[in-house]
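Here is how the chains run, residue by residue.
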Amino acid sequence: MESSGFPAKIRRAAQLLFFKSHRIPGVKGWELKRSLGSGYSRVIKVLRSQIEPLGITIKAVGDDGTELSLDSPEDTLSTARFVLVLTDPLKVSDAKTSGWSVDELAGLTICLATIGSRGDKAARSEVEETLRQKFPKWKVRNFLSKYIKWGYLEEEGDSLILGWRAKVEVDTRSLLRYVFGA
Amino acid sequence: MRSGSDPLAVQLEPRLSRLRQLIKKSLQFKHIELDMEALYDFAILVYSQSKFLRDKSSVLYVDPFLIRLAVMGSSTDRLAEAFLQSWRPSTGRDVLSLEMMRRSYEYWSNLKDYTIGAEKMEPLLGESLESLGVTYDELISDEMLGLHEELQNRGGRLLYEELLGEGSLNERLRRAVLISFMLSYGYAVVEKEPLKRRFWIVAKEGATKERPTEAESIVTIVS
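Notes on the structure follow.

Criteria and thresholds
Residues numbered from 1 in each chain as written. Chains lettered and ligands numbered in written order. Predicted model: local features only at pLDDT ≥ 70, side-chain atom pairs only at ≥ 80, totals over all residues. Helix = DSSP H or I, 4+ residues; strand = E, 2+ residues; numbered from the N terminus. Buried ≥ 20, exposed ≤ 12 C-beta atoms within 10 Å, placed from the backbone. Contact = placed C-beta atoms within 7 Å. Nonpolar A, V, L, I, M, F, W, Y, C, P; charged D, E, K, R; others polar. Pairing = 2+ DSSP bridges. Axes fitted to C-alpha atoms, helices over the stretch in contact; angles between N-to-C directions. Parallel < 35°, antiparallel > 145°, perpendicular 65-115°, else oblique. Left-handed = near helix turned anticlockwise from the far one by under 90°.

**Let's talk about the overall build of chain A**
Across its full length, chain A holds 10 helices and eight strands. Burial analysis of chain A (182 residues in total) assigns 36% to the buried set. A separation threshold of at least 6 residues defines the contact pool for chain A, and within that pool the share at least 24 residues apart is 60%.

So this is what it looks like as structure tokens:
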């Protein structure tokens, strides 16, 4: 199997994962299988070992937001989304360089902590009210529309739930611990 | 029952007893159908109660009230730091695909023409302002000085959006024009915080420029 075709598969996997072609980043397991054939999870694991020294890893996330092991059966991984994420936390200065303001980061913490403490779904009015403890009304409206647009939150009727990006990028349990330690 | 409310607040037993009595009396299909619907809703409620108890007894359960207290007691810097510790941003590069090019072409092709004829633009002179119920003198002296005083009374330094206020669109447009006059004639200056994307309006003691004449107005009306 690991003949001349294997390095080509690793390069193909890197192309699929690094270059965003959908609105939501990452590639579904079935898309990887279609392009790389069965045994794609082994290709992904080799690619992961090659990029991890650079501070980037590959994460497989199920539809419900739970992280799946790359050793899971390929049938289980077929609906998972494979995404490249950074391995180390960013510093405030790094986040600012990427265009985030401290207030935006703090506002998102409040939203995710409130939703996380309510079993991943909270009334929009409650989230707004908690944000109002820290920010003026115009900023609250502005923040919520940004978080929804960026994929961190989703609207479900009068409630807010975690968006695809929060599920992929944020460990909400550890966030709650840090909020209490903050 | 509203989303987010406590499922245990609903007393199920008396409602089930009542439903039991009603089912015995239900003879028409329509009534039986309604009874079944109620029974289904009760089953959902029991499930919610069970899930609520399971979550609450979990070691990972965090009371929303405690979260609110923690949020109130933390600075924005500490909250931002908490987020960064549990955040591993996704990465990737945007590339142009054929599908994206097709969608872009569709978007640009469907845009309506939007042009403003230069001949339709005219300077906003004193006479035009009068037709709107305000004189040029009032706008740049009384109202602008009023806003300048308000800025000074509110600490002398405010975010642009805060000074603009939350009134109607017309009111905010009017204040935006007044702010621009204040800045143009030295009653205030702008302080930028590019990293936080914030603009502060800072009051100055007096005008640094001569009062403008009508002909200097930069405001134009587009008909």
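**A word on the interface of chain A and chain B**
The interface of chain A with chain B comprises 53 residues on the first partner and 40 residues on the second. Among the elements that take part in the side of chain A that touches chain B, helix 6 (residues 102–117) of chain A stands out by supplying 10 residues, more than any other. Per-class residue counts for the side of chain A that touches chain B are 30 nonpolar, 12 polar and 11 charged.

**Notes on the pairing of strand 5 (residues 81–86) of chain A**
In terms of strand pairing, strand 2 (residues 27–28) of chain A meets strand 5 of chain A through two bridges, oriented antiparallel. Bridge assignment links K28 of chain A to a residue of strand 5 of chain A, and that residue is R81 of chain A.

**Describing the sheet that holds strand 4 (residues 67–68) of chain A**
All names here are of chain A. If you walk across this open sheet you meet the four strands as 2-5-3-4, and the pairing is antiparallel. Two strands close off the open sheet at either side, each with one partner strand: strand 2 and strand 4. Pairing of strand 3 (residues 56–61) with strand 4 involves two bridges; the strand directions are antiparallel. Note on strand 4: the bridge partner recorded for V61 is E67. Along the sheet, helix 1 (residues 5–18) makes contact with strand 2, strand 3 and strand 5, crossing strand 5 at roughly 80°. Docked against the sheet, helix 3 (residues 40–51) engages strand 3 and strand 5, running at close to 145° with respect to strand 3.

**With respect to the sheet that holds strand 4 (residues 188–193) of chain B**
Residues and elements named next belong to chain B. Pairing is antiparallel across the open sheet formed by three strands, whose spatial order is 3-5-4. Of all strands in the sheet, those with a lone pairing partner are strand 3 (157–159) and strand 4, marking the two edges. Across the sheet, the mean angle from the axis of one strand to that of its neighbour is 25°, orientation sign disregarded. Where strand 4 and strand 5 (residues 198–203) come together, six bridges link them in antiparallel fashion. Following the sheet pairing, V189 is matched in strand 5 by V202.

**Quick notes on the packing of helix 6 of chain A against helix 3 (residues 64–72) of chain B**
Running from N to C, helix 6 of chain A and helix 3 of chain B cross one another at 165°; their axes reach a closest spacing of 9 Å. In terms of their interaxial angle, helix 6 of chain A and helix 3 of chain B are classed as roughly antiparallel. Here helix 6 of chain A and helix 3 of chain B pass one another in a crossing that is right-handed. Touching I110, A113, T114 and S117 of chain A of helix 6 of chain A are P64, I67 and V71 of chain B, all from helix 3 of chain B. Of the residues belonging to the contact of helix 6 of chain A with helix 3 of chain B, the class tally is five nonpolar, two polar and no charged.

**Here we look at the packing of helix 1 of chain A against helix 3 of chain A**
The packing of two helices is summarised by the inter-axis angle and the distance between the axes. Residue and element names in this part refer to chain A. Viewed as axis vectors pointing N to C, helix 1 and helix 3 meet at an angle of 75°, and their least axial separation amounts to 9 Å. Classed by the angle they form, the pair helix 1 and helix 3 counts as roughly perpendicular. Where helix 1 abuts helix 3, its residues K9, I10, A13 and A14 lie against V43, I44, V46 and L47.

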